[in-house]
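# Secondary and tertiary structure notes
Next come the chains, spelled out residue by residue.
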Amino acid sequence: MKKILMGNHAVSYGALLSRVEVIAAYPITPQTQVVEKLSEMCAQGKLKARYINVESEHSAMAACIAAEQAGARAFTATSSHGLTLMHELLHWAAGARLPIVMANINRSMAPGWSIWTDQNDSLSQRDTGWLQIYCESSQEVLDSIIQAYKIAEQVLLPVMVLLDAFFLSHTYEPVDIPDQGLVDQFLPKLDYAYKIDIKDPCSFGSLLPPEYYLELRYKMQKAMEEAHDVIIQVDKEYQQMFGRSYGGLVEEYRTEDAELVLVASSTAASTSRMVVDQLRDEGMKVGMLKMRFFRPFPTQEVINALKGVKKVAVIDRNISYGQGGIFCEEIRSVLYNIDQHERPPVFGYIAGLGGRDITPTTIREILSHTLKEDKPKENIIWIGVKR
Amino acid sequence: MDRGQALKTTIPEEDYMTSGHIACPGCAAPIAMRYCLKALGEKTIMVVPACCWTIIAGPFPYSSLKVPLLHTAFETTAAAASGVRATLDIKGDAETTVVGWAGDGGTFDIGIQALSGAVERNENIIYICYDNEAYMNTGIQRSSATPWGAWTTTTPAERPEDKPKKDIIEILVAHQIPYTATATVAYPHDLMAKVKKAKGIKGSRFIHILSPCPPGWRMSDELTIKASRLAVQTGIFPLYEVEKGRKYTITVPRKQGVPVAEYLKLQRRFAHLKPEDYDIIQKNVDRAYERLLRKTKQSEIL
Ligand SMILES: Cc1ncc(C[n+]2csc(CCOP(=O)(O)OP(=O)(O)O)c2C)c(N)n1
Ligand code: SF4
Ligand SMILES: [Mg+2]
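All figures in this text were calculated on a predicted structure; none of them were measured in a lab. (Residues numbered from 1 in each chain as written. Chains lettered and ligands numbered in written order. Predicted model: local features only at pLDDT ≥ 70, side-chain atom pairs only at ≥ 80, totals over all residues. Heavy atoms only, no water.)

Glancing now at the coordination of the magnesium ion (ligand 3). Under ideal tetrahedral coordination, the four donors around a metal are separated by 109.5 degrees; under ideal octahedral coordination, the six donors are separated by 90 or 180 degrees. Residues and elements named next belong to chain B. Protein coordination of the magnesium ion (ligand 3) is provided by Asp104 (OD), Asn132 (OD1) and Ala134 (O), with donor distances spanning 1.9 to 2.1 Å. All donor residues of the magnesium ion (ligand 3) come from one chain, and their arrangement in sequence is D-x27-N-x1-A. One end of the pair, Asp104, is in helix α4 (residues 104–109); the other, Ala134, is in the loop between β4 (126–131) and α6 (168–174), and 30 residues separate them in sequence. (Donors = N, O, S within 2.8 Å, 3.2 Å for Na, K, Ca; no water. Helix = DSSP H or I, 4+ residues; strand = E, 2+ residues; numbered from the N terminus.)

Pasting the structure below:
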């Protein structure tokens, strides 16, 4: 069945179809429609979930952690300041190996207050142990929520599904809503092996002396590594059942004979796709690599896509102050170990922070700058800064 | 009144708030700020978390305030106000008043930890909560200040708010702070007198202002003052103060024979209520008012 949905409601439908059992959430612009829809679904009895109207995001994540530990499929959605207030508990959720799924609407951090998009909120959760999926359309959002539970429950790590504030959260698009019966087959009821059980009393999260801590963190990293194949497998199964695939961790678009590859994520990727088509029509050999997953980092996919191309241009709607664009730095780092003659120069562009629009013109500007120069002169090339 | 005779107002003329702010028409929040600043004067620093006032203050490079305004994260008002106070103290500025100015969500819910911490330390700050009884800035979600029976987007009419409004004043009183009071914009003299009194006291002071919000209360713009007045007359929001955590004084008594229904009927957020619901609310209001009266009597003996 097709419905015209805003990105935020695609999240709610994804959670509904995944039959989440406990929702704990707190309102924040531009996430509110996600939770309003879910509380409406609960009030109307469409979704049999316990909805906890908590008093902060910190409590939202704490409640999700405890609910999941008690054996229920838990869900929350937030954005920006809400996500960063959860930071402590994000480490906790992953460290406790709980397959929680959360949607985060990418919104800039204050000060000054901004409700508009960039990725610094979620990318600064990089080292918490959550998988991260950056989405480009409402359809991808809905499908990714369902995929996320399947992945999370196999590798026992939590997953964050990301969508750009307003450009995606508030844009209406036709979305195919999969059949509940099929989703139930794809995503069976959660059977969490390590749950709180009155008949088998265990203590969770006890003091962990140095003899044990390192091993548990080693296992977390192994789970992240294992997630790579699980993601690809889940995406394939999804394709078989629902006819849609997102390429697993990344999507290569018209990169076959490309001399210049543009790397983008989220809605900037869909604009880039259009510009790539235009430039191809104009006879230029350009392609795009869409970064769908950021964690686990698609190391092999990035190498495969970029090895031997003449130039790479990365668009970052984020920044690690004192270093550079976060996707760009990680891409440079994984290319370091390939043969020097196959290693392309990587141009790092920062654009669109705080919701400044990344238009086709912005992307053309980035591409023509990349074509003009042999090598990047600076670590960061800023686009559109009024100086 | 004689023609030609200038209308004399007893409200001070000095203004530390400008016109051109961007609140919705009929919003009580800017009116409350304006009166408070008139009472506080220019040596005031405002600390404001995420709330409608973040917007009302105006986007960069504008400000609707003529005093310094420090924006702060949603849950941090009282901690941030404590920080500003500490710097003024260390720099020897005893004259400037530091005011934390937050909505009900920022006070009753996400900010209550920082608030309790600050007032327990008896920080030398005034904390003013303008209470529109929901998260208005994010589009009318319930808070723990939402009254029983009210509609919000997270308490839909089929399942309206089913818990009583949190009694924030009693929570503050339990911290035994020097001064706690309630106010509304329908009684500006009472409001300003309380703010002035608070300004003259050292330590933690808390003022709770009922702040009607026409879109959130589903009420016509021009009814803000009327709703504020009826809230007091019906006794659903009594005007009183508590000194030193024990001396209760009602500053504007409720009016006999004004049923709470008159207040509720102005607002479509209560439109789904049945006559028996009105009875429940009336009983609760009467009971709470009786309790308040008893406290004022008890504090006379204390
Ligand atoms: C940590 C965090 N969570 C959520 C938000 C989103 N947020 C901004 S204002 C607001 C509601 C404020 O409600 P209230 O304090 O009652 O003030 P009002 O808007 O009603 O005036 C919310 C939920 C935020 N800014 N930061
Ligand atoms: S939504 Fe309500 S509280 Fe916010 S500015 Fe408008 S009237 Fe005022
Ligand atoms: Mg409010």
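The local shell around ligand 1 holds 23 residues, among which A:Glu57, B:Gly105, B:Gly106, B:Tyr130 and B:Asn137 are the closest. More than one chain lines the surroundings of ligand 1; the residues nearby belong to chains A and B. Take A:Glu57: an N or O atom from its side chain is 2.6 Å from a nitrogen atom of ligand 1. When the free accessible area of ligand 1 is taken as 580 Å², the share hidden by the protein chains comes to 98%. Elements supplying a minimum of two residues to the shell around ligand 1: α4 (80–85) of chain A together with α4 of chain B. (Near = heavy atom within 4 Å. Polar contact = N/O pair within 3.5 Å; in protein donor to acceptor, adjacent residues only side chain to side chain. Areas by Shrake-Rupley, 256 points an atom, 1.4 Å probe, with all protein chains shown as cover.)

The subject of this paragraph is the confidence of the model for chain B. Residues and elements named next belong to chain B. On average, residues of chain B score 96 in pLDDT, and 98% of them reach the 70 mark or higher. Averaged pLDDT values over the elements of chain B bottom out at 95 in helix α11 (residues 275–301) and peak at 99 in β4. This prediction of the complex comes with two scores: 0.96 for pTM and 0.93 for ipTM. (pLDDT = per-residue confidence, 0-100.)

What follows covers the interface of chain A and chain B. Opposite the 16 residues of chain A that make contact, chain B presents 21 residues. For the pair chain A and chain B, the two sides together bury roughly 1400 Å², of which 60% comes from carbon and sulfur. The interface formed by chain A and chain B includes zero salt bridges. The interface formed by chain A and chain B holds three residue pairs in polar contact (both at pLDDT 80 or more) in total. (Contact = heavy atoms within 4.5 Å. Buried area = accessible area lost by both parts, 1.4 Å probe. Salt bridge = Lys/Arg side-chain N within 4 Å of Asp/Glu carboxyl O.)

With that settled, the discussion passes to the domain arrangement of chain A. All names here are of chain A. Annotation of chain A at the domain level lists domain 1 (2–242) and domain 2 (252–382). Put simply, the middle of domain 1 and the middle of domain 2, counted by C-alpha atoms, are 28 Å apart. The partner domain 2 presents 27 residues to the 29 residues of domain 1 that form the contact. The contact between domain 1 and domain 2 buries some 2400 Å² in all, and 53% of this surface belongs to carbon and sulfur atoms. Along the contact surface separating domain 1 from domain 2 lie six salt bridges. A salt bridge links Lys290 to Glu140, with the shortest nitrogen-to-oxygen separation between them at 2.7 Å. Where domain 1 meets domain 2, there are 22 residue pairs in polar contact (both at pLDDT 80 or more). (Domains from an automatic or database assignment.)

Take the sheet that holds strand β11 (residues 286–291) of chain A next. All names here are of chain A. Reading across the sheet, the six strands line up as β9-β11-β10-β13-β14-β15 and stay open at both edges, with mixed pairing between neighbours. Taken across any chain shown, the strands that pair with only one partner, and hence form the sheet edges, are β9 (250–253) and β15 (381–382). For strand β14 (residues 346–350) and β15, the ladder comprises two bridges, and the chain directions are parallel. Paired with Ile350 across the bridge in β15 is Trp382. In the packing of helix α10 (residues 266–281) onto the sheet, contacts are made with β9, β10 (260–264), β11 and β13 (311–316), and the angle to β11 comes to roughly 165°. Seen against the sheet, helix α11 (residues 299–306) touches β9, β10, β11 and β13 and runs at an angle of roughly 175° to β11. (Pairing = 2+ DSSP bridges. Axes fitted to C-alpha atoms, helices over the stretch in contact; angles between N-to-C directions.)

Glancing now at the nonpolar core. With 112 residues, the main nonpolar core has A:Met61, A:Phe75 and A:Leu306 as its most contacted residues. For this core, the domains that each give at least three residues are domain 1 (2–242) and domain 2 (252–382) of chain A. In this structure, A:Met61 is in contact with A:Thr76, A:Met86, A:Leu89, A:Leu90, A:Ala93, A:Ile100, A:Met102 and A:Trp130, ignoring residues within four places of it in sequence. Core analysis: the second largest hydrophobic core is formed by 37 residues, B:Ile11, B:Tyr35, B:Cys36 and B:Ile207 among them. (Core = buried A, V, L, I, M, F, W, Y, C linked by side-chain atoms within 4.5 Å. Buried < 20%, exposed > 50% of the residue type's maximum accessible area, 1.4 Å probe, protein only.)

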